[in-house]
Amino acid sequence: MKKIVLSLLIAFFAAPSLLFANEGMWFLMFIERLNHRDMQKMGLQLTADEIYSINNHSLKDAIVQFDGGCTAEIISKDGLVLTNHHCGYDAIAELSTPEANYLRDGYWAANRAAELKPKSVFVRFFVRMDDVSKRILSKVTPSMTEKEREAAINKEIALIEKENSENGKYTVSVKSFFQGNEYYYFVYQDYKDVRLVGTPP
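Every value quoted in this text rests on a predicted model; they were computed, and no experiment measured them.

J.: Explain the overall build of the protein chain here, please?
T.: From N to C terminus, the protein chain includes eight helices and eight strands. By residue count, 31% of the 201 residues in the protein chain fall in the buried class.

J.: I would appreciate a short explanation of the pattern of salt bridges in the present structure.
T.: Opposite charge on two side chains allows them to pair when their charged atoms are near. On inspection of all chains with the given rule, the structure shows eight salt bridges. Aspartate 78 is paired through a salt bridge with lysine 77; the nearest N and O atoms lie 3.8 Å apart. Across the pair, exposure class does not vary: aspartate 78 and lysine 77 are exposed alike. We note a salt bridge from arginine 104 to aspartate 105, for which the minimum N-O separation is 2.8 Å. In this structure, a network of salt bridges that share partners links the residues Lys77, Asp78, Arg112 and Glu115.

J.: How should I be thinking about the packing of aromatic side chains in this particular structure?
T.: Under the defined criterion, the tally for this structure stands at seven aromatic pairs. Aromatic pair phenylalanine 177 and tyrosine 184: ring centres 5.8 Å apart, planes at 75°, arrangement edge-to-face. The two residues phenylalanine 177 and tyrosine 184 agree in class, both being buried. Between the NZ or CZ atom of arginine 124 and the centre of the ring of tyrosine 188, over which it lies, the distance is 5.5 Å.

J.: Explain the sheet that holds strand S5 (residues 123–131) here, please?
T.: Within a sheet, each strand pairs with its neighbour through backbone hydrogen bonds, oriented either parallel or antiparallel. Taking strand neighbours across the sheet as the criterion, the six strands line up as S3-S2-S1-S5-S7-S6 in an open arrangement whose pairing is antiparallel. Each edge of the open sheet is held by one strand with a lone partner, namely strand S3 (81–82) and strand S6 (171–177). In terms of strand pairing, S5 meets strand S7 (residues 182–191) through eight bridges, oriented antiparallel. Bridging across to S7, valine 123 finds its partner in tyrosine 191.

J.: Even after reading the chapter, I still don't get the layout of surface pockets, so can you show me in this structure?
T.: A probe as big as a water molecule, rolled over the atoms, marks out the empty space that is left. The calculated volume of the largest pocket comes to roughly 910 Å³. Residue lining of the largest pocket: 31 residues in total, with Leu80, Val81, Val194, Arg195 and Val197 positioned closest to the centre. Those elements giving two or more residues to the lining of the largest pocket turn out to be S3, helix H5 (85–95), S5 and strand S8 (198–199). Residue composition of the lining of the largest pocket, grouped by class: 18 nonpolar, eight polar and five charged.

J.: Please explain helix H8 (residues 146–164) as it appears in this structure.
T.: The terminal C-alpha atoms of H8 lie 27 Å apart, and with 19 residues this matches the ideal 27 Å at 1.5 Å per residue to within 8%. Considered for burial, the residues of H8 that qualify are Ala152, Ile153, Glu156, Ile157, Ile160 and Asn164. For H8, the angular spread of buried residues about the axis comes to 135°, placing them on one side. Of the exposed residues in H8, those oriented more than 90 degrees away from the buried face are Lys147, Lys155 and Lys162. The elements touched by buried residues of H8 are S5, helix H7 (133–137), S6 and S7.

So, how was this worked out
- Residues numbered from 1 in each chain as written.
- Predicted model: local features only at pLDDT ≥ 70, side-chain atom pairs only at ≥ 80, totals over all residues.
- Heavy atoms only, no water.
- Helix = DSSP H or I, 4+ residues; strand = E, 2+ residues; numbered from the N terminus.
- Buried < 20%, exposed > 50% of the residue type's maximum accessible area, 1.4 Å probe, protein only.
- Salt bridge = Lys/Arg side-chain N within 4 Å of Asp/Glu carboxyl O.
- Phe/Tyr/Trp six-rings, centres within 6.5 Å; stacked < 30°, edge-to-face > 60°.
- Lys NZ or Arg CZ within 6 Å of the ring centre and 35° of its normal.
- Pairing = 2+ DSSP bridges.
- 1 Å grid on protein atoms, 1.4 Å probe; cavity = no way out; pocket = protein on both sides within 12 Å on 5 of 7 lines; lining within 4 Å.
- Points joined across faces, edges and corners; volume = space filled by probe spheres on them.
- Nonpolar A, V, L, I, M, F, W, Y, C, P; charged D, E, K, R; others polar.
- Expected span 1.5 Å × (residues − 1).
- Arc of directions from axis to C-beta.
- Contact = heavy atoms within 4.5 Å.

Next comes the structure, spelled out in structure tokens:
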């Protein structure tokens, strides 16, 4: 019995060295440089530009964020969006009444005029991202205190977000990565005219 247990323990501790972890954080703007070749070896047929392109339509335009947290997909040229039922649950509940209980009975709009508008649902599209590490890190010096460093970085982040928002057209967010050694800004466009087209019972 001891031999079997010992063999199992050796196999267990040796196993991690045989495993390959390909998951993790992938930057879309670097997909060609970092991941695309490996993905093609696993069967991917899309080009890097078909996945992420700033100037042309790409897969990044079809995957959207629904109401600040859930993933959704654009499935038509008219902007029809699909998401999970629990993601739209609050909006469906808001539109429901005791007489028209859409959560219980479901709902399907027969035409555009029959689409229902909840109060505050939005869909967020990813527009582009860029590296601003050099710009932000040029504002800090080794002699700065942590508080001074944080203030300088936050000031530059606010400028970058303002410059890229195009007077409020876009939502811009600067994020730090790799323990504050790299900074990237992400530009999103929000659409607030989101309507319920259909939900199953």
